[in-house]
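Take a look at the letters that make up each chain.
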Amino acid sequence: LGKSGDADADGAVAALDIHASADYLLSAYVSGKVVLWELARGSQLRVVTDAHAASVSLVRFSHPTDPVAISVDTRGCVNRITFTKSLFATWAHESECLLDGAAGPIPMLALLRLKRAARRC
């Protein structure tokens, strides 16, 4: 995935995650860039450059069916990135700051995926 020249511009890959559906891969870089990939074709769907100003240390898909991610950088900034596909097969994203880094670095993150309780009749 990607081109050999990408490492020169973005630095090393710092974090990876594969979606539960195995359709998507997230890669995050020392430059702060986050990329959503389609695994079947090995193609970039969306490049996010506006979420982090520091190296991304962790990236995780946070939704079992939709491509929604949580990303953390080395300064402690935490973002939720929601990827959406438009009618014309182009991808967009929306970044939402969850933590601004004022508390300092976040060395670890665990996402809890809660199952919906079964409905009782």
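As a reminder, the structure under discussion sits directly above these lines.
Residues numbered from 1 in each chain as written. Predicted model: local features only at pLDDT ≥ 70, side-chain atom pairs only at ≥ 80, totals over all residues. Heavy atoms only, no water.

1. Some points on the sheet that holds strand β1 (residues 13-18)
Inference 1: In spatial order, the strands read β1-β2-β3-β4; together these four strands make up an open sheet with antiparallel pairing. In this open sheet, the two strands that pair with only one neighbour each are β1 and β4 (43-48). Between one strand axis and the next, the sheet turns by 20° as a mean value, whatever way the strands run.
Inference 2: Bridge count between strand β3 (residues 34-38) and β4: five bridges; the pairing is antiparallel. Bridging across to β4, Glu38 finds its partner in Ser43. (Pairing = 2+ DSSP bridges. Helix = DSSP H or I, 4+ residues; strand = E, 2+ residues; numbered from the N terminus. Axes fitted to C-alpha atoms, helices over the stretch in contact; angles between N-to-C directions.)

2. Re the pairing of β3
Inference 1: Among the five residues of β3, five are classified as buried, and the element is accordingly described as predominantly covered.
Inference 2: What you see with β3 is no split at all: Val34, Leu36 and Glu38 on one side and Val35 and Trp37 on the other are buried throughout.
Inference 3: Here five bridges tie strand β2 (residues 24-29) to β3, and the two strands are oriented antiparallel to one another. Residue pairing in the sheet places Ser27 in a bridge with Val35 of β3. (Buried < 20%, exposed > 50% of the residue type's maximum accessible area, 1.4 Å probe, protein only.)

3. Digging into the state of the cysteines
Each disulfide consists of one covalent bond between the sulfur atoms belonging to two cysteines.
Inference 1: In total, this model carries zero disulfides according to the counting rule given.
Inference 2: Not part of a disulfide, Cys77 finds its nearest cysteine sulfur in Cys97, a span of 4.5 Å.
Inference 3: On the accessibility criterion, Cys77 (13% relative accessible area) is buried.
Inference 4: Cys97 sits in the partly exposed class, given a relative accessible area of 47%. (Disulfide = S-S within 2.5 Å.)

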